[in-house]
Amino acid sequence: MKSNPFLHVRSPKLGVLPGEDGELVNEGMYGNAFAHYLRDHLVASGYEATDVVSEDWGWWVTIAGLPFTCGIGVYGMQIADTNDLDLCVTVLTPRGKKWSWSNFRFVDTTADVDRLHKTIRDICKTDDDVAVVAETPDFPL
């Protein structure tokens, strides 16, 4: 299975939310505003984006309605001496064949994962208030 690229973004409207520090599993792992932003835009794009959950590595957004477990990871770290965040997102479900217990067979995740990544990229690139810094195979933060 092949890992997915990271989309590195910055936006003044996707900063630390009031009370977010109290929700974090690990101090300094922000991204709640970006996770909710993506969830809402993915729903508007026809995805069943449901839960937004704080994890020790960042934020998880559940993508339901696919024949396999799927989610996106949102990561955010504060830029030194500012109130801004460096943010990145990736589809956490690897591309390739994956065993599905609910279907009791292997399913190929590639087309769905690629389409989800493209939708996330398009959401960010079409918003004038979100700057796409880079798209990279390596974690950018």
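These numbers were taken from a predicted model, which means no experiment stands behind them. (Residues numbered from 1 in each chain as written. Predicted model: local features only at pLDDT ≥ 70, side-chain atom pairs only at ≥ 80, totals over all residues. Heavy atoms only, no water.)

Could you give an account of the nonpolar core, naming the residues involved and the relevant values?
Judged by nonpolar contacts, the single largest core of 32 residues is most densely connected at Phe-34, Leu-38, Leu-42, Ile-72, Leu-116 and Ile-120. When contributions to this core are tallied by element, the ones reaching two or more residues are strand S1 (6-10), helix H1 (32-44), strand S2 (48-55), strand S3 (58-64), strand S4 (71-78), strand S5 (85-91) and helix H2 (110-125). Ranked by the residues each element gives to this core, the list is headed by H1, at 6 residues. In this structure, Leu-38 is in contact with Ile-72, Val-74, Val-89, Ile-120, Ile-123 and Cys-124, ignoring residues within four places of it in sequence. (Core = buried A, V, L, I, M, F, W, Y, C linked by side-chain atoms within 4.5 Å. Buried < 20%, exposed > 50% of the residue type's maximum accessible area, 1.4 Å probe, protein only. Helix = DSSP H or I, 4+ residues; strand = E, 2+ residues; numbered from the N terminus. Contact = heavy atoms within 4.5 Å.)

Please provide a residue-by-residue account of H1, values included.
Between its first and last C-alpha, H1 extends 18 Å over 13 residues, near the 18 Å set by a 1.5 Å rise per residue. Looking only at H1, the buried set comprises Asn-32, Ala-33, Phe-34, Ala-35, Tyr-37, Leu-38 and Leu-42. Buried residues belonging to H1 abut S1, S2, S3, S4, S5 and H2. A positive backbone phi angle near 100° is found at Gly-46, which sits one or two residues after H1. (Expected span 1.5 Å × (residues − 1).)

Describe the side chain of Thr-90, with residues and values.
Note on placement: Thr-90 falls in strand S5. Ignoring sequence-local partners within four residues, the contact set of Thr-90 consists of Asn-4, Pro-5, Phe-6, Gly-71, Ile-72, Gly-73 and Tyr-75.

Would you mind going over the pairing of strand S6 (residues 97-100) in detail, with residue names and values included?
Direction of pairing for S6 relative to strand S7 (residues 105-108): antiparallel, over a ladder of 4 bridges. Its bridge partner being in S7, Lys-98 is matched across the sheet by Val-107. In sequence, S6 turns back onto S7 through a hairpin of 4 residues, with Phe-104 there showing a positive phi of about 50°. (Pairing = 2+ DSSP bridges.)

Geometric descriptors of this kind do not, in isolation, establish any biological role.
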